[in-house]
Amino acid sequence: MANNPWERRRAAMILTRGALVGMGLLLCTVWTCCLYGQEQGRSVVFKAVTEAAGIEFTHTFGDSEMSSILEATGPGCALLDFDSDGHIDLYLVNGNRVAGIHAAAESTDGDRPTNKLFRNNGDGTFSDVTQSAGVGDTGYGMGAVAADYNNDGHIDLYVCNYGRNRLYRNNGDGTFSELAEHAGVVCPEWSVHAAFFDYDRDGLLDLYVGNYLDFDPEYRIFFGPEGFPGPLAYAGVPDRLFRNNGDGTFSDRTKAAGLWMPDGRAMSVTTCDFDHDGDGDVFVANDAMENYLFANDGKGSFTNVAFEIGVALGTFGEATSSMGPTFADIDNDEDFDLFIPDMGYCCLYRNDGILFTEITTLAGISEVCGQYTSWAGAVFDYDNDGFRDIFISNGDAHHTYAEEDLLLRNRRDGTFEDVSLQSGAYFQHTEYIGRGAAVGDFDNDGDQDLFVVNVNGPAILLRNDGGNAANWIRLRTVGTQGNRDGIGARIKVVAGGLTQVAEVRSGSNYLSQDDMRPFFGLADHTVVDLIEVEWPSGARQRLEGVAAKQTLVLTEPSAIAEPVQVPTPGGVSHEANGRTE
C-alpha cells in the first residue's frame with residue numbers, strides 16, 4: 001500500500017464505500033443534529049512545537065536496527081507537576097545498550113543515553129533539568145508513572161525498566177532521591193508500566209506493576225519476515241502488587257490479594273472503579289493472550305472477571321495484542337467505557353452497567369484502524385464539545401516502518417469519524433514509529449495538548465490550537481482524609497444538557513501517564529451547574545454555579561459537604577472546599 005497518508009485513507013474509504021453509502025441517511029441526520037460540534041471540531045488543529053518549546057529528545061533502542069522484542073516495546077512518558085507551580089512538566093523514558101544484546105554496552109555511564117526531565121517554564125518553553133533533579137536513569141527504560149506516594153505534597157516518580165526499576169522520591173527542592181531498593185519496589189521481572197492507586201482505602205497509595213516477558217536474548221528461532229521472536233516465544237511473568245506500609249516502604253501482596261498470574265504478558269496497566277462500588281479495580285492489557293480485569297472486593301482481594309464481563313478478548317473473540325488501555329465515559333452515560341489499541345482493529349468496549357459490549361465496528365473505528373499497528377489510545381475532548389475523542393499512535397511492531405497517527409472525533413451518536421487530515425500538518429505529512437502518548441494542557445490555555453514518544457525517533461509536542469474556542473473547566477483534587485493526590489476520586493460535572501464523569505488516576509495509555517487533573521469540555525455553557533465528587537475515603541462534595549474557563553482546586557472535606565457556591569473568575573465568593581488556581 002502507498003506510504004502517502006492521503007492515499008492510505010483513500011484506499012480505506014474505497015474498501016468501505018458500500019457500508020458508508022448504506023449509512024448515508026443516518027449521517028445526514030447526525031450532521032444536522034451536531035452542526036455546532038462539527039464546526040468546532042474542524043476549526044481545531046494540532047501544531048508540532050517541539051523545537052520551539054526547547055524539548056530536545058530522541059529515543060534510542062540501543063542499536064542500528066530493531067532486532068529484538070526488547071527494542072520494539074518502549075518508550076512511554078509521564079506528565080507531572082514536580083515543582084508544584086501549576087505547569088505540567090514532562091518526563092521522558094529512554095532505551096539504552098544492554099550487555100549481550102548491543103555492541104558497546106560496556107561504555108561508561110557518561111556516554112550512555114538517559115531519561116529526561118523537562119521543566120515547564122510557563123511561557124511555552126521547557127528547560128532540561130535532568131541532571132540537577134537527579135532523575136537521569138541509564139537503565140533500559142519502558143514506562144513511567146507519577147504520584148505522591150508518601151503524602152508529603154510533592155509528586156514522586158516510578159520508572160519501569162528491563163532491569164532494576166527506579167522510585168524517585170521528590171525532595172520538594174527540585175531534586176529527587178532514588179529509593180527503590182529501600183522501598184522494596186525494585187521488582188525482579190521485566191517491568192513495562194505501573195499505576196499508583198489506594199486498593200485498600202487506607203489513605204496510602206499502593207503500586208501495581210505490569211511485567212512483560214521472561215526475555216532470553218539468546219533465543220533466535222523465529223519466522224524470518226518478522227525479524228525477531230514474538231511474545232509467544234517467551235514465557236510470561238507475574239505482575240506485582242505492592243502495598244504501601246506508610247513508612248516509606250512497600251510489601252509485596254500479589255499472592256495474598258489473588259493477583260498471582262505467572263503466565264501474564266502485560267503491555268500496559270490502568271486502574272478504574274469500573275463497577276462504581278467505591279474501590280479501585282485493575283485492568284491489564286496483555287500481549288497475544290487474554291486481558292485481565294481484576295475486580296476489587298473491598299476486603300483486600302481481587303477476582304479476574306475479564307471473561308465474565310466481556311473485556312478479555314478482541315473484536316472477533318480472539319486473543320489480540322492489546323496495548324495501552326484507557327477507561328473513559330465516551331457516551332456520557334455516567335459510567336466508564338474502555339478503549340484498547342492493538343495490532344488489529346483496536347477495541348472499544350461500552351460499559352452497559354454490568355457487562356461490557358464490544359462496539360468497535362459499530363462505532364466506525366475498525367475500518368479506520370485496521371491498516372495500522374496501534375499503541376497509545378488517548379481518550380480526551382480535544383475540541384471542548386463535551387464528548388471525548390480518541391488519539392491513536394501507530395508504528396510497526398517488528399521493523400522500523402513508520403505509520404501516521406490518527407485523530408478520531410466523537411460524533412456524539414456513538415460513532416467516530418477520522419478527522420486526522422483536517423487537524424494539521426502533523427497528521428498530513430508526518431510518520432514515526434509511534435509508541436507512548438499523554439494528554440495535558442501544557443500552556444494552560446484551556447485546551448488539551450498531546451505529547452507523543454516514538455521508537456528510535458524524536459518526541460513530539462503537539463499544541464492544540466482552537467480547542468479553547470469552546471468553554472471548559474479543569475479540576476485539581478487535594479486529598480486530606482485519603483491520598484494527597486485524590487487518586488480514585490470520581491467526579492461528575494453537569495452543565496446544561498451535558499453530564500460527564502471522570503476519575504483521577506495514575507497510569508494511562510501506553511506506558512505513560514496523562515495530566516492527573518480532570519478536564520471537561522463544556523461546549524457553549526458558561527456555567528457548570530453541578531460538580532459532584534466522591535472521594536476514595538467515602539467523603540462526598542457538591543459545588544454549584546461554577547463559572548467556566550478556570551482551574552478549580554477541590555480540597556477533600558471531612559464528611560459529606562453541603563452544596564456551596566464557589567469562586568469564579570473576577571467574582572467575590574469564596575469557599576474553603578473549592579478555590580480557583
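The rules we used
- Residues numbered from 1 in each chain as written.
- Predicted model: local features only at pLDDT ≥ 70, side-chain atom pairs only at ≥ 80, totals over all residues.
- Heavy atoms only, no water.
- Helix = DSSP H or I, 4+ residues; strand = E, 2+ residues; numbered from the N terminus.
- Buried < 20%, exposed > 50% of the residue type's maximum accessible area, 1.4 Å probe, protein only.
- Contact = heavy atoms within 4.5 Å.
- Areas by Shrake-Rupley, 256 points an atom, 1.4 Å probe, with all protein chains shown as cover.
- Pairing = 2+ DSSP bridges.
- Axes fitted to C-alpha atoms, helices over the stretch in contact; angles between N-to-C directions.
- Phe/Tyr/Trp six-rings, centres within 6.5 Å; stacked < 30°, edge-to-face > 60°.
- Lys NZ or Arg CZ within 6 Å of the ring centre and 35° of its normal.

Colleague: Help me understand the overall build of the protein, please; the structure alone is not making it clear to me.
Modeller: In terms of helices and strands, the protein carries 10 helices and 37 strands. Every one of the 581 residues in the protein was classed for burial, and the buried ones make up 61%. Expressed as a percentage of contacts within the protein between residues at least 6 apart in sequence, the contacts between residues at least 24 apart total 59%. As displayed, the protein offers around 20,400 Å² of accessible surface, 51% of which is attributable to carbon and sulfur atoms.

Colleague: What's the story with the sheet that holds strand E20 (residues 347-351) in this structure? I'm lost.
Modeller: Sheet strands pair by backbone hydrogen bonding; their relative direction is either parallel or antiparallel. Ordered by their spatial adjacency, 4 strands build an open sheet running E18-E19-E20-E21, and the pairing between neighbours is antiparallel. Strand pairing shows two members of the sheet lacking a second neighbour, strand E18 (326-328) and strand E21 (356-358), which therefore form its edges. Neighbour-to-neighbour, the strand axes of the sheet open up by a mean angle of 25°, direction not taken into account. Inspection of the sheet shows E20 paired to E21 by 3 bridges, in the antiparallel sense. Bridging across to E21, Asn-351 finds its partner in Phe-356.

Colleague: I would appreciate a short explanation of the pairing of strand E31 (residues 498-503) in the present structure.
Modeller: Side chains on a regular strand alternate between the two faces of the sheet. A large share of E31 lies buried, amounting to 6 of its 6 residues. With burial as the criterion, each face of E31 is covered, one bearing Leu-498, Gln-500 and Ala-502 and the other bearing Thr-499, Val-501 and Glu-503. In terms of strand pairing, strand E30 (residues 490-495) meets E31 through 6 bridges, oriented antiparallel. Within E31, the position partnered with Val-493 by the bridge is Gln-500.

Colleague: Can you walk me through the packing of aromatic side chains in this structure?
Modeller: The way to describe two aromatic rings as a pair is by their centre distance and the angle between their planes. Enumeration according to the criterion identifies 24 aromatic pairs in this entry. Seen in terms of ring centroids, Phe-380 and Tyr-382 are 6.5 Å apart; in terms of plane orientation they differ by 50°. Their pairing is tilted. A relative accessible area of 0% places Tyr-382 in the buried class. Among the aromatic residues, those joined into a ring-pair cluster are Phe-46, Phe-380, Tyr-382, Phe-391, Tyr-426 and Phe-427. The ring of Trp-260 carries Lys-255 above its face, with NZ or CZ at 4.5 Å from the centroid. Over the aromatic face of Trp-375 sits the side chain of Arg-435, whose NZ or CZ is 3.7 Å from the ring centroid.

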